[in-house]
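Residue strings, one per chain:
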Amino acid sequence: MFDVIVAGGGPTGAMLAAELRLHDVRVLVLEKETEPVSHVRVLSMHTRTLELMAMRGLLDRFLERGRRRPVGGVFAAIDKPAADGYLLGLPQPILVRLLEEHAIELGAEVRRDRAVTGFAQDDDGVTVELAGGERLRTRYLVGCDGARSTVRKQLGVGFPGEPSRNDTLMGEVAVAMPPDEIAARVAEVGDKRFMLRPFGDEVYSVVVPCAGVSERAEPPTIEDFRQELRAIAGTDFGVHSPRWLSRFGDATRLAERYRVGRVLLAGDAAHIHPPAGGQGMNLGVQDAFNLGWKLAAQVRGWAPETLLDTYHAERRPVAEDVLNNTRAQVELAGTEPGPRAVRALFTELMDIAEVHRYLIEKITATGIRYDVGDGPDQLGRRLPDMDLKQGRLYDRLHRGRGLVLDRTERLTVAGWADRVDLVADPAAALDAPAVLLRPDGYVAWLGEDQQDLDAHLTRWFGRPGHRS
């Protein structure tokens, strides 16, 4: 019997498996595809996802294989100066492979050509049924099986929202037209809401809308791009030699519940939205970080009574906000007078530094604040990495445990030492005497009183002295 079965071996499923294995949870990943993903679509790893990779010691693996890009133009493709930080572009097959390798290194088992067709849960666990009749037993099941999730459908969870109305073509291509002519032509018809911009190595990123929804399952062809570009811009810019081409719909849906008993949902199984801002993969991986340590705590027996319920309470509002900002970006891409006027207004407003930063924080997930109780603004937010007297803060989070960073050098985590680490550093760049960080890097407490800290340790990490 497994502790957790994860249906779906994409980025969300692989990341969740790795997070569970940090706590010695017996985890099996079931992936319906026989071979790893092969279509070369480039995904953007946003600031918060890159921070999470650093917390697990994985960042260098991704930096070695990705391409850094400035954080500019990510909201509705409105071209503004780059903000601090960077995005990392990475081909999807490489990203999935790195996350799967990480999970396997930690001891996760991955089985391919194993499609989940149904399940039945009871008080003690879940019986998972596979194509071909095989049955497996697990304590918990997590559906990370995509937009058409079998787990979500079998669970009977509603998936309300809007169906797809229009497709968007995206890809990376070479072009025959000289760069100065491209720039002039894009500027001339820029209000038609297509994008053609240099990506590097004489390759251009192209995004072009097309009316209606295609019934074709296969990716678009370069001729599809030429046709849509000619319709909008009057020229196809001589696009050729594509690196990758993809088609996306603009369906927007959000699961009504993320948990029913011993079955949970994460990633695209819980939410889908247009690709505006490149947020989808990041949203799913961050679901996994939020859920992993909480589900592991439940399995290991030290979870406070309501800990697992905070997964739905925290992550569903984040997804709802992403759905809304992508809806807004889609509207801003419209070519009618109304959307064009609103886009012009947004373009002006984004010249205000606070407005620009606010929108960038939405896209990159650095502005998230979980409701962990009343207190200073930093409570419930991420804590950026910082230098400590010995190394870096994120280096102390590689094991997926909680952490108390104490400037007072007076606090203790003695009763929780099997789940929480203590770092005493009077020179740490904190705005508080001490902070309690959850395994996902969010601040759960600030202060200096030991009794108050003990209460919050109990709230998030269970009873002191517990041994799983």
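Before going into details, it helps to say that this report is about the structure given with it. (Residues numbered from 1 in each chain as written. Predicted model: local features only at pLDDT ≥ 70, side-chain atom pairs only at ≥ 80, totals over all residues. Heavy atoms only, no water.)

### As for the packing of aromatic side chains
Throughout the structure, instances matching the rule amount to 7 aromatic pairs. Plain terms: the ring middles of Phe-75 and Phe-346 are 5.8 Å apart, the flat faces sit at 20° to each other, and that makes the pair stacked. Of this pair, Phe-75 sits in the loop between strand S4 (67-71) and strand S5 (83-91) while Phe-346 sits in helix H10 (residues 337-349), and the two are 271 residues apart along the sequence. The exposure class of Phe-346 is partly exposed, given its relative accessible area of 25%. Here Tyr-370 and Tyr-442 contribute two aromatic rings whose centre-to-centre distance is 4.6 Å and whose plane-to-plane angle is 55°, an arrangement assigned as tilted. With Tyr-370 in the loop between helix H11 (353-364) and strand S19 (402-406) and Tyr-442 in the loop between strand S21 (434-437) and strand S22 (443-447), this residue pair connects regions lying 72 residues apart in the sequence. Since its relative accessible area comes to 5%, Tyr-442 is described here as buried. Linked through ring pairs, Trp-293, Trp-302, Trp-460 and Phe-461 together constitute an aromatic cluster. The ring of Tyr-442 carries Arg-48 above its face, with NZ or CZ at 4.6 Å from the centroid. Here the guanidinium or amino end of Arg-438 rests over the ring plane of Trp-460, the centre of that ring lying 4.9 Å away. (Phe/Tyr/Trp six-rings, centres within 6.5 Å; stacked < 30°, edge-to-face > 60°. Helix = DSSP H or I, 4+ residues; strand = E, 2+ residues; numbered from the N terminus. Buried < 20%, exposed > 50% of the residue type's maximum accessible area, 1.4 Å probe, protein only. Lys NZ or Arg CZ within 6 Å of the ring centre and 35° of its normal.)

### Concerning the side chain of Gln-329
Summarising the element assignment, Gln-329 is placed in helix H9 (residues 309-332). According to the relative accessible area criterion, Gln-329 is buried, its value standing at 4%. Those residues within four positions of Gln-329 in sequence are excluded, and the remaining contacts are Val-74, Phe-75, Ala-76, Ala-276, Gly-277, Gln-279 and Ile-363. (Contact = heavy atoms within 4.5 Å.)

### Topic: the environment of Leu-436
When you line up the elements, Leu-436 lands in strand S21. Separated by 212 residues in the primary sequence, Leu-436 and Asp-224 have C-alpha atoms spaced 53 Å apart. Not counting residues within four places of it along the chain, the set of residues in contact with Leu-436 comprises Leu-403, Val-404, Val-420, Tyr-442, Val-443, Ala-444, Trp-445, Leu-453, His-456, Leu-457 and Phe-461.

### A look at the nonpolar core
Ranked by size, the top nonpolar core spans 114 residues in total, and within it Val-4, Met-53, Phe-62 and Leu-405 carry the most contacts. Setting aside chain neighbours within four positions, we find Val-4 in contact with Leu-20, Val-25, Arg-26, Val-27, Leu-28, Thr-138, Tyr-140, Val-142, Leu-295 and Val-299. (Core = buried A, V, L, I, M, F, W, Y, C linked by side-chain atoms within 4.5 Å.)

### Structural notes on a nonpolar patch on the surface
On the surface, a nonpolar cluster with roughly 240 Å² of combined accessible area is contributed by Leu-345, Leu-349 and Ile-352. Mapped onto the elements of the fold, Leu-345 is located in helix H10. Leu-345 sits in the partly exposed class, given a relative accessible area of 46%. (Patch = residues over 30% accessible without salt bridge, like charges linked within 9 Å, V, L, I, M, F, W, Y side chains within 5 Å. Areas by Shrake-Rupley, 256 points an atom, 1.4 Å probe, with all protein chains shown as cover. Salt bridge = Lys/Arg side-chain N within 4 Å of Asp/Glu carboxyl O.)

### A short note on the packing of helix H8 (residues 280-300) against H9
Here H8 crosses H9 at 170°, and the two axes come no closer than 10 Å. Relative to H9, the element H8 lies roughly antiparallel. Between H8 and H9, the residues in contact are Leu-283, Gln-286, Asp-287, Asn-290, Leu-291 and Lys-294 and Thr-310, Tyr-311, Glu-314, Arg-315, Val-318, Ala-319 and Val-322, respectively. Split by residue class, the contact of H8 with H9 holds 6 nonpolar, 3 polar and 4 charged. (Axes fitted to C-alpha atoms, helices over the stretch in contact; angles between N-to-C directions. Parallel < 35°, antiparallel > 145°, perpendicular 65-115°, else oblique. Nonpolar A, V, L, I, M, F, W, Y, C, P; charged D, E, K, R; others polar.)

### Re the pattern of salt bridges
Across all of its chains, the model carries 36 salt bridges by this definition. In this structure, the salt-bridge partner of Asp-122 is Arg-137, at a minimum N-O distance of 2.9 Å. Pair noted here: Asp-122 is in the loop between strand S7 (116-121) and strand S8 (126-130) and Arg-137 is in strand S9 (residues 135-143), with a separation of 15 residues, a long-range link. Residue Arg-137 is classed as partly exposed on the basis of its relative accessible area of 26%. Residues Asp-385 and Arg-392 are paired through a salt bridge, measuring 3.3 Å at the closest nitrogen-oxygen approach. Shared partners join several salt bridges into a network, and the residues in it are Glu-109, Arg-111, Arg-114 and Glu-134.

### Focus on the pairing of S7
Inspection of the sheet shows S7 paired to S8 by 5 bridges, in the antiparallel sense. When the bridges of S8 are listed, Gln-121 appears paired with Val-126. Joining the antiparallel neighbours S7 and S8 is a turn of 4 residues. (Pairing = 2+ DSSP bridges.)

### A closer look at the pairing of strand S11 (residues 167-174)
Summarising burial for S11: 7 of the 8 residues are buried, a large majority. In terms of strand pairing, S11 meets strand S13 (residues 203-210) through 7 bridges, oriented antiparallel. If you follow Val-173 over to S13, its bridge partner there is Tyr-204. Here S11 pairs with strand S14 (residues 240-249) via 7 bridges, running antiparallel. Opposite Gly-171, over in S14, you have Leu-245 as the bridge partner.

### Comments concerning the environment of Pro-93
Note on placement: Pro-93 falls in helix H4 (residues 92-105). You can call Pro-93 partly exposed: its relative accessible area is 21%. For Pro-93 and Pro-439, which are 346 residues apart along the polypeptide, the C-alpha to C-alpha distance reads 27 Å.

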